[in-house]
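# Notes for the structure review
Residues per chain, in single letters:
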Amino acid sequence: MPRFFTNEIDENNIVLTGDDANHIGRSLRMRVGEEVTVCCDGVDYCCTIGRITADTVYLDLVEKHRCAAEPSVEVTLFQAVPKLDKLEYIIQKSVELGVTRIVPVLTRRCVSRPDEKDFEKKKLPRLNKIAEQAAKQSGRGIIPEVTPIVSLGRAVEMMKELDRTVLLYEEEGGISFGKVDFDGVKTVGLVVGSEGGFDKAEADAAVEAGAVQVWLGKRILRCETAPITALSILMFLTNNM
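Basis of the calculations
- Residues numbered from 1 in each chain as written.
- Predicted model: local features only at pLDDT ≥ 70, side-chain atom pairs only at ≥ 80, totals over all residues.
- Heavy atoms only, no water.
- Helix = DSSP H or I, 4+ residues; strand = E, 2+ residues; numbered from the N terminus.
- Expected span 1.5 Å × (residues − 1).
- Contact = heavy atoms within 4.5 Å.
- Pairing = 2+ DSSP bridges.
- Axes fitted to C-alpha atoms, helices over the stretch in contact; angles between N-to-C directions.
- Parallel < 35°, antiparallel > 145°, perpendicular 65-115°, else oblique.
- Nonpolar A, V, L, I, M, F, W, Y, C, P; charged D, E, K, R; others polar.
- Buried < 20%, exposed > 50% of the residue type's maximum accessible area, 1.4 Å probe, protein only.
- Arc of directions from axis to C-beta.
- Left-handed = near helix turned anticlockwise from the far one by under 90°.

Here we come to helix 2 (residues 84-97). Look at helix 2: 20 Å from first C-alpha to last across 14 residues, which is about the 20 Å you get at 1.5 Å a residue. The inward-facing, buried residues of helix 2 contact strand 6 (74-80), strand 7 (101-106), helix 3 (116-138), strand 8 (145-146) and helix 6 (226-237). Just past helix 2, the residue Gly98 takes up positive phi, approximately 115 degrees.

Our focus in this paragraph is the sheet that holds strand 5 (residues 56-66). Sheet architecture is open: 5 strands sit in the order 1-3-4-5-2, paired in mixed fashion. The sheet is open, and its two borders are formed by strand 1 (3-5) and strand 2 (14-17), each paired with just one other strand. Pairwise comparison of adjacent strand axes, ignoring direction, gives a mean angle of 40 degrees for this sheet. Of the strand pairs in this sheet, strand 4 (residues 43-52) and strand 5 are connected by 9 bridges, and their pairing is antiparallel.

Put simply, helix 2 and helix 6 touch, their axes get as near as 10 Å, and they point 10 degrees apart. As summarised for this structure, helix 2 and helix 6 are arranged roughly parallel, according to the angle between their axes. Only Pro227, Ile228, Leu231, Ser232 and Met235 of helix 6 make contact with helix 2, whose side of the interface consists of Tyr89, Ile90, Lys93, Ser94 and Leu97. Its residues placed into classes, the contact of helix 2 with helix 6 shows 7 nonpolar, 2 polar and 1 charged.

Of all the residues in helix 4 (residues 152-159), the buried ones are Leu152, Ala155, Val156, Met158 and Met159. Relative to the axis of helix 4, the buried residues are bounded by an arc of 160 degrees and lie together on one face. Buried-residue contacts for helix 4 involve strand 6, strand 7, strand 9 (150-151), strand 10 (164-168), strand 12 (187-192) and helix 5 (200-208).

Two measures define how a pair of helices packs: the angle their axes make with one another and the distance between the axes. Put simply, helix 2 and helix 3 touch, their axes get as near as 8 Å, and they point 30 degrees apart. Read as a crossing pair, helix 2 and helix 3 show a hand that is right-handed. Two secondary-structure elements touch here, helix 2 through Leu84, Leu87, Glu88, Ile91, Gln92, Val95 and Glu96 and helix 3 through Phe119, Lys123, Arg126, Leu127, Ile130, Ala131, Ala134, Ala135, Gln137 and Ser138. Partitioned by chemical class, the residues of the contact of helix 2 with helix 3 number 10 nonpolar, 3 polar and 4 charged.

In this section: the pairing of strand 5. Alignment of strand 2 against strand 5, held across 4 bridges, turns out to be antiparallel. Bridge pairing in strand 5 links Ile14 to Leu59. Here strand 4 folds back onto strand 5, and the loop between the two strands holds 3 residues.

Further remarks concern the environment of Gln133. Along the chain, Gln133 falls in helix 3. When the C-alpha positions of Gln133 and Asp181 are compared, they lie 33 Å apart, and in sequence the two are 48 residues distant.

In structure tokens, the structure reads:
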């Protein structure tokens, strides 16, 4: 069933306009009586098409329920900026796995160092579009946000607002991912390095902010493999997979 997203909804007057209406009428060639799902704030509104005009689709609500695809934990991925094609891949797959927010972080060892203003103006809209497409494909109830690039210092401050933060850091110390306590946790941060990883001072700053340092075994994973692996483990440990 086609899925569409909206920021607000009137249950007595559900309409789709603009690109969504054009997609229904012209691309999908849908007709009156066919079913669509409108997602708003994690709730699925299952509807049938009541009427279609040139630029508006009018829907009749059949039922609504919380989106079953949304995990019970809100996960923020703090991803040190990799090369752009890798970031696109990470965003797509992490959205499929249930992430709530992706925060690109500029760290000392980032090989890719895009201009922040240029990134926000030219790259960010495309990255959020990738997140939207992945959300539709995977049946999500929300479109996860990709934020502008932040400094490590700002990322550390954001971590302090979360119930639990996990840092992937292979240099020394750390515990097995399976030993992290997620009981009662509602918000989780996952901190992953770029191609060059983190230096010790950066790792120490995250730990001082409350991050739990973990390792994923003796094999060294690429920067685009590590967040997908960690998210899969996290979703499994919190009974969301």
